[in-house]
Every structure is written in C-alpha cells, then in structure tokens.
Amino acid sequence: MSGRSQSIADTLTRAIIDHRLVPGCKLGERELAEIFDVSRIVVRQALIRLADDGLAQIERNRGAFVAKPSMQEAMEIYDALTLVEQGVAAQLSDRLGPAGWAELRHHVERQRQAVAAGNDALADVLGQEFHTVFVRLSRNKVMQEIHAQLVRRTTLLRSLITADFDYCNLLDDHSRVVDLLEKGRLKQAMDLIDTHHRTVVRGYIMNREVFPEMTPAEALAPYLDGTADAATTAVPLRRMAKSPGNGDAATHLGAAAHLHVHLPKTDPASTSRASTKKTNRGLPS
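Residues numbered from 1 in each chain as written. Predicted model: local features only at pLDDT ≥ 70, side-chain atom pairs only at ≥ 80, totals over all residues. Heavy atoms only, no water.

Moving on to the pairing of strand β2 (residues 56-59). Sheet topology places β2 next to strand β3 (residues 63-66); four bridges connect them, and they run antiparallel. Considered in β3, the bridge of glutamate 59 is made with glycine 63. Here β2 folds back onto β3, and the loop between the two strands holds three residues, one of which, asparagine 61, carries a positive phi near 65 degrees. (Pairing = 2+ DSSP bridges. Helix = DSSP H or I, 4+ residues; strand = E, 2+ residues; numbered from the N terminus.)

Given two aromatic rings, one states the distance between the centres and the angle between the planes to describe the pair. Throughout the structure, instances matching the rule amount to one aromatic pair. Considering the side-chain rings of phenylalanine 130 and phenylalanine 134, the 6.1 Å spacing of their centres and the 25 degrees angle between planes classify their relative orientation as stacked. Note that phenylalanine 130 and phenylalanine 134 are positioned in helix α6 (residues 120-136) at a spacing of four residues, about one turn of the helix. Owing to a relative accessible area of 3%, phenylalanine 130 belongs among the buried residues under this scheme. Residue classification places phenylalanine 134 among the buried positions, given a relative accessible area of 2%. (Phe/Tyr/Trp six-rings, centres within 6.5 Å; stacked < 30°, edge-to-face > 60°. Buried < 20%, exposed > 50% of the residue type's maximum accessible area, 1.4 Å probe, protein only.)

So, on to the environment of leucine 122. Mapped onto the secondary structure, leucine 122 falls in helix α6. The spatial distance from the C-alpha of leucine 122 to the C-alpha of arginine 110 is 9.3 Å, given a sequence separation of twelve residues.

The next point concerns the sheet that holds strand β1 (residues 26-27). In spatial order, the strands read β1-β3-β2; together these three strands make up an open sheet with antiparallel pairing. Looking at the sheet topology across the chains shown, the edges are occupied by β1 and β2. Of the strand pairs in this sheet, β1 and β3 are connected by two bridges, and their pairing is antiparallel. Across the sheet, residue lysine 26 finds its bridge partner in β3, namely phenylalanine 65. Across the sheet, helix α3 (residues 40-52) lies against β1, β2 and β3, angled at about 115 degrees from β2, the strand it touches most. (Contact = heavy atoms within 4.5 Å. Axes fitted to C-alpha atoms, helices over the stretch in contact; angles between N-to-C directions.)

Before going further, it helps to examine the nonpolar core. One finds Leu104, Phe134 and Leu181 to be the most contacted residues of the largest nonpolar core, which totals 37 residues. Top contributing element to this core by residue count: helix α4 (residues 71-95), with ten residues. In contact with phenylalanine 134, other than residues within four places in its own chain, are Glu85, Val88, Ala89, Leu92, Leu104, Val177, Leu181 and Ile193. (Core = buried A, V, L, I, M, F, W, Y, C linked by side-chain atoms within 4.5 Å.)

Here α4 crosses helix α9 (residues 186-202) at 155 degrees, and the two axes come no closer than 9 Å. By the angle between their axes, α4 is roughly antiparallel relative to α9. Our pair here, α4 against α9, has a crossing hand that is right-handed. Residues Met71, Ala74, Met75, Tyr78, Asp79, Leu81, Thr82, Glu85, Gln86, Ala89, Ala90 and Ser93 of α4 form the contact with α9, whose participating residues are Leu186, Met190, Ile193, Asp194, His197, Arg198, Val200 and Val201. (Parallel < 35°, antiparallel > 145°, perpendicular 65-115°, else oblique. Left-handed = near helix turned anticlockwise from the far one by under 90°.)

Bringing the confidence of the model for the protein into the picture now. Chain-level pLDDT for the protein is 77 on average; 71% of the residues reach the 70-or-more range. Across the protein, the secondary-structure element scoring lowest on mean pLDDT is helix α12 (residues 249-260), at 28, and the one scoring highest is helix α2 (residues 29-36), at 96. Counted against residues more than four places away or in other chains, residues 236-285, with its pLDDT under 50, gives 104 contacts. (pLDDT = per-residue confidence, 0-100.)

Structure representation (structure tokens):
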C-alpha cells in the first residue's frame, strides 16, 4: 500500500475512533477521492486496509461501509484478547526481570493518578496502553502483531458504546495482575485477565443512535484543514431521553446489556465490578 493510502486509512480510522464516521456510514470511493484529492485506486487501497482491520465492510456492487459489529463479534474479539494476554502472562511470570515489573507498576501508578484527578480521558488512554505495554514486555513480535490487530478491532466497538465502568475496579485489576504474576500465582492472574475482559465486554451497548451522523465530508473536514485535535474532533455522546421510573436511558440500557449478554463461566463477582461510580464515555480500560 502506498504512503498516501496509508495516510488516508489512518485518517479514516481516527474519524471512526472520534465517532465522526458512524457504523454503517457509506465510504464511497468517488466521494473520498474528491475529499482527499487522490485517485480512486488510492482510496480503494485505504478501504481494503480498513477492511483488513475489521473497521470497514466491502460489499460487492454496493461499495464500502463503516462496519457494524455485533455483540457476538465483541465477545469473540475479547475472548481472543484474553487468550493472547494469558499466553503473555505465562511468559512474563517466568522471564520478566525487575525493570519490567517496575515499568508495569509505573504505568499502573500513572493510571491511578489520572483516576484520582478525575481525568477520565487520560485514565481511558492509560488503561488501553497498559495492555499494550504488558504484551510488548513479552518481546514476542508475532504476539504483539496479533494483539495490535485485535486492539484495532476494538476501535469500532468503542465507537458504539455507552457503558458504566468503575475505573477504580478496572485499575485494580491491572495492579492485581502484576502482583499475582510477580508472586508466581499464574493461574489466578490468568483467571483475573479473563474476568477483566468479560467485565469490559458486558459494558458494551450496540446502539449507533447515540452519535449524530455526518456526511464523510463533514466528518473528515477537521483532519484536512489542520484543526484536528482530541478536544475538537471527538463527538460527544448524544444525551438520551430519560425513561420514566428508570432513570437515565443510558444507565437503563446498561442494565439491559448485562441481562441479555450470556457468557460462559460467569463470575458473579465480576458483575458487581461494572458499577456506576464513574461513567465511561470513552475507551474502556
């Protein structure tokens, strides 16, 4: 893929992360070629890259669309993430030295400080980065590539969520995993990794109506005129109508998600972990 195609793929990916290109949005080759002032071939290469990452669907005779993942797909992605990170945990428990443990603990402390300061956006970012750092310390490049592709798949899932998470509980998971592995309690660490990801996936609510729809030209404009930054491009969640007797509809939907998502090996304690102390409007940790 050409450098220009990669740049376009990166811009489209960011627009999806920022909730500007919503699931199901048409990604027309001709329209995108005009927006980016490139040939349709260049755009097609970028769309193929998005499709490879699970962010777009290319349909014969219809074109490309931002993908619309299902709850089943979310469960499968997080099952795969669990398997990869459990394999990494087995490696780290035997091989990681003092410097590696110190790096993980430093990352957890940064996340703890963000939570204490009420900086939810930073806590979200650091929560995601913890998993990347965790896998990187395995020094297994194949594992890192697989993990990175799965994380890209969660990009689209995050564009669809309203969810209630207790940042403190999810942060404590990171801290406890490090503690358990450093003490050689691998089985308990692997079980906690599984519970952690199941807690996250239970918080997903597949509701594309919570973000306003834009045309591709409107969605991509900030990235093309050089004004894009996290504060101006990310689209806030639509305020949802209150449901009489049920409180905020987003919270109500969250309860429904917990009721209707049936995962094997459910840990009763894990349900209580997704409390409503803080509301995550961004990236789950």
